[in-house]
Amino acid sequence: MSSHIVAVDLGASSARILAAEVSADSLELTELHRVSNDPVTVRGALHWDVLYLYAAILTGLRAAARDGLEVASIGVDSWAVDYGLLDADGSLLGNPVHYRDSRTDSVFPEVVEEIGKDRLYQTTGIQLMPFNTIFQLVAARGTATLDAAETLLLLPDLIGYWLTGEIGAELTNASTTQLLSLDTGGWAYDLIDRLALPRRIFPALRAPGDRVGELTADAGVAKGTPVIAVGSHDTASAVVAVPATDERFGYISCGTWSLVGVELDQPVRSAAGQSANFTNERGIDGTIRYLRNVMGLWLLQESIRIWREQGQRIELAELLAQAGREKAFASVVDPDAAEF
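No experiment lies behind these values; they were computed from the predicted model shown. (Residues numbered from 1 in each chain as written. Predicted model: local features only at pLDDT ≥ 70, side-chain atom pairs only at ≥ 80, totals over all residues. Heavy atoms only, no water.)

1. So, the packing of aromatic side chains
Given two aromatic rings, their pairing is described by the distance between the two centres and the angle made by the two planes. The test is simple: Pairs were defined over the aromatic rings of Phe, Tyr and Trp, the Trp ring being its six-membered one, requiring ring centres within 6.5 Å. Orientation was assigned from the angle between planes: stacked under 30 degrees, edge-to-face over 60, tilted for the rest. Here a helix means four or more residues in a row that DSSP labels H or I, a strand means two or more in a row labelled E, and each is numbered from the N terminus. The buried label applies to any residue whose accessible area, calculated with a 1.4 Å probe on protein chains only, is under 20% of its type's maximum; exposed applies above 50%, and partly exposed to all values in between. The criterion is that NZ of a Lys, or CZ of an Arg, lies within 6 Å of the ring centre and within 35 degrees of the ring normal, and then a charge sits over that ring.
Across all of its chains, the model carries 9 aromatic pairs by this definition. With centroids separated by 6.2 Å and ring planes inclined at 40°, the aromatic side chains of Trp48 and Tyr99 adopt a geometry described as tilted. Here Tyr99 lies in the loop between β7 (83-86) and α2 (107-115) and Trp48 lies in the loop between β5 (45-47) and α1 (50-66), a separation of 51 residues in the sequence. Take Trp48 and Tyr99: they sit in the same class, and that class is buried. A network of ring pairs unites the aromatic residues Trp48, Trp79, Tyr99, Phe131 and Trp257 as a single cluster. Lying across the ring of Trp298, Arg100 places its NZ or CZ 3.7 Å from the centre.

And the structure:
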C-alpha cells in the first residue's frame, strides 16, 4: 500500500482536506472533505468559526482512515494575519476575529502616524494593509482577552496545536504579521515594545519542513503520525509549487485575494517598492516572496453569496459562461475601492 500525505488547505471562502499520493513523476490528489468557510457576526464583531473548521479537518482525517489510506504526514496552511489567543491553560480565548472586521479602521492610521511608514517598512518589509496582525493586536490592547493571553497562534499553528499539543509559529505566515524583523528573521521586539504589546504571547519560530509534533487528537488516523510545518501561509505553498523552469519567473496566485509577484533571494526595501506597497514575505528555503496583494475573487464570491441569500439560483459555471458572452470592458470597476 502506498502512503499518502494529508493536506489541510484552509481558504478564506472554503476549506478542503486532500490526500496526496506522490511518486517520482506524478501527484495524485483525492478530496477527502470540503466545507464552506463562512464568517459569523456576533454582537457586531466578525469572527471565523474555527471550531467548525477544526471539526471539518477531523472529518477529513477520518475519511482518510475509513478509505484505508496510510497517512505518512499531515500539513496545514491557511490565509494569513488572523490568529487565536490561548490562556495559561492552553484554552482558546474566544473565536478568532476576521481580518475584514472593522476594529482596525481607526487604529491603522494612528499606528502608521506613531511609528512612521518608513520605520514599519524598513523593519518588516511588509506592505501596509489595515488588517495586518500588528493593527489587530493594537486594536485589542486593553481588552480582557489580550490581557489574559499567554500565546498567540496564527490559524495554521492553532490547528497544529490542537492536533499535536505543540506550540510554535511557522515562519512564512509569521512574516505576514508585520511584526517579524526582516534583518534578524526573529520577532521585531523593538516594534512590539514600542506598541506596548506583550512579548510573552509570541511563540518560538519554526521553518517550513520542521516537525510540529505527532498527532495526538482522536482523528481516525494513527496517533503518532507526524504533523509537519509546511509553508503555512497558503501563498508560500502555492509559490513553491509553481512549475518554473528557471529562477526568473513571475506568478499570480489567485483566490479570494490575488498575489502578484516574483521569488527573490533577498528582500527589496526601496522607496519605489514601499510607495507601490509591495511586500517582502518569507518563502520556502529562505526565499522572499516579493509581491503585491490585489483583489481576487472576493467580489465574485460575495456577489454569489448575496444573490443566493436573496433566493436567486446561481450556478458559477453558468454565471461565467454568461460573463464570457458580454462585451469586454463595457464598464470599469475599481476593486480596491474602500467600499469593497
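2. Some thoughts on the packing of α2 against helix α4 (residues 133-140)
Under the convention used in this document: Axis definition: a line fitted to C-alpha atoms, over the contacting stretch in the case of helices. Angles run 0 to 180 degrees between N-to-C directions. Note that the term roughly parallel is reserved for angles under 35 degrees, roughly antiparallel for angles over 145, roughly perpendicular for angles of 65 to 115, and oblique for everything else. Contacts are assigned to residue pairs with any non-hydrogen atoms lying within 4.5 Å of each other. Throughout this entry, Asp, Glu, Lys and Arg are counted as charged residues, while Ala, Val, Leu, Ile, Met, Phe, Trp, Tyr, Cys and Pro are counted as nonpolar. The remaining residues, Gly among them, count as polar.
Orientation of α2 relative to α4, taken along the N-to-C sense of each, is 105°, at an axis distance of 9 Å. Regarding the angle of α2 to α4, the classification is roughly perpendicular. Counting all contacts with α2, which are made through Val107, Phe108, Val111 and Val112, the residues of α4 involved are Phe135, Val138 and Ala139. Classifying every residue of the contact of α2 with α4 gives 7 nonpolar, no polar and no charged.

3. Comments concerning the sheet that holds strand β14 (residues 257-264)
Backbone hydrogen bonds are what pair the strands of a sheet, in a parallel or an antiparallel way. Defined as follows: At least two bridges found by DSSP between two strands is the condition for calling them paired.
One open sheet holds the 4 strands; their spatial order is β13-β14-β16-β15, and the pairing between them is antiparallel. The open sheet has two edge strands, β13 (250-254) and β15 (279-282), and neither has a second partner. Taking each pair of neighbouring strands and ignoring which way they run, the sheet shows an average axis angle of 35°. Here 8 bridges tie β14 to strand β16 (residues 288-295), and the two strands are oriented antiparallel to one another. Its bridge partner lying in β16, Val260 is registered against Arg292.

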